[in-house]
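Below, each chain spelled out in residue letters.
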Amino acid sequence: MASAAAERKVIRVLLVEDEEIHKVLARALLRSAVGGVELDEAGTGAEAVRRVRDGGASAGAYDLIITDGKMPVMDGHEATRRIRAMGVTTPIVGLSSDTFPSDVDAFIKAGADDFTPKPLSKEKLVRILAKFNLV
């Protein structure tokens, strides 16, 4: 009989985050929540746009994109807009400590499919993965 871990999917995630502590947390949570994860990371929105463009995510290179809001060079809202402008339909989840309704709305208007407040937790990640059928 296969174990529960072996039955979980291997997913490819782009994590867009500039703060190391949030990267460490997200890495650990992703690795424990899914059977396998191929994790790409970008420290700015501009880098995320480049990775998506170069990786051909419109063809399904990523199963999920999780992006911070405030980052140097290009923020998560603008990165989301640019990724959507490329025709990418990969689920994008905004992740931020700014949780006023206007902050959440800014992510959704930019093209994000969902939003969750920082810090990321196992419960929040499981909800996200389930929403997009990634578990």
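All figures in this text were calculated on a predicted structure; none of them were measured in a lab.

So, how was this worked out
- Residues numbered from 1 in each chain as written.
- Predicted model: local features only at pLDDT ≥ 70, side-chain atom pairs only at ≥ 80, totals over all residues.
- Heavy atoms only, no water.
- Helix = DSSP H or I, 4+ residues; strand = E, 2+ residues; numbered from the N terminus.
- pLDDT = per-residue confidence, 0-100.
- Contact = heavy atoms within 4.5 Å.
- Buried < 20%, exposed > 50% of the residue type's maximum accessible area, 1.4 Å probe, protein only.
- Pairing = 2+ DSSP bridges.
- Right-handed = clockwise from strand over helix to strand, strands pointing away.
- Salt bridge = Lys/Arg side-chain N within 4 Å of Asp/Glu carboxyl O.
- Arc of directions from axis to C-beta.

With that out of the way, let us pick up unusual backbone geometry. Note the cis peptide between Lys-118 and Pro-119, where omega equals 0°. Looking at where Pro-119 falls in the secondary structure, it is placed in the loop between β5 (114-117) and α6 (122-131). With phi around 70°, Val-73 is a residue other than glycine that occupies positive phi space. Summarising the element assignment, Val-73 is placed in the loop between β3 (64-68) and α4 (76-85).

With 90% of its residues at a pLDDT of 70 or more, the chain shows a mean pLDDT of 89. Considering only residues more than four positions removed or in separate chains, one finds that residues 1-6, a stretch of pLDDT under 50, has two contacts.

This paragraph deals with the environment of Ile-128. Along the chain, Ile-128 falls in helix α6. In sequence terms Ile-128 and Asp-114 are 14 residues apart; their C-alpha atoms lie 8.1 Å from each other. Excluding residues that lie within four positions of it along the chain, Ile-128 makes contacts with Leu-64, Val-93, Asp-114, Thr-116 and Leu-120.

Summarising burial for strand β4 (residues 92-96): five of the five residues are buried, a large majority. Residues Ile-92, Gly-94 and Ser-96 point to one face of β4 and Val-93 and Leu-95 to the other, with burial holding for every one of them. The pairing of β3 with β4 spans four bridges and is parallel. Counterpart to Asp-68 in the pairing with β4 is Leu-95. With α4 bridging β3 and the parallel β4, this β-α-β connection has right-handed handedness. As defined by bridge partners, β4 adjoins β5 across four bridges and the pair is classed as parallel. Residue pairing in the sheet places Ser-96 in a bridge with Pro-117 of β5. In this region the chain leaves β4, passes through helix α5 (residues 101-110) and returns to the parallel neighbour β5; the handedness of that crossover is right-handed.

As a further point, take the pattern of salt bridges. Considering all chains together, one arrives at 15 salt bridges under this definition. Here the salt bridges share partners, and the residues they tie into one network are Glu-17, Asp-68 and Lys-118.

Another aspect to go through is α6. All buried positions along α6 are accounted for by Leu-125, Ile-128 and Leu-129. The buried residues of α6 all sit within an arc of 95° when viewed along its axis, so they share a single face. After α6 finishes, the residue Asn-133 shows a positive phi value of roughly 55°.

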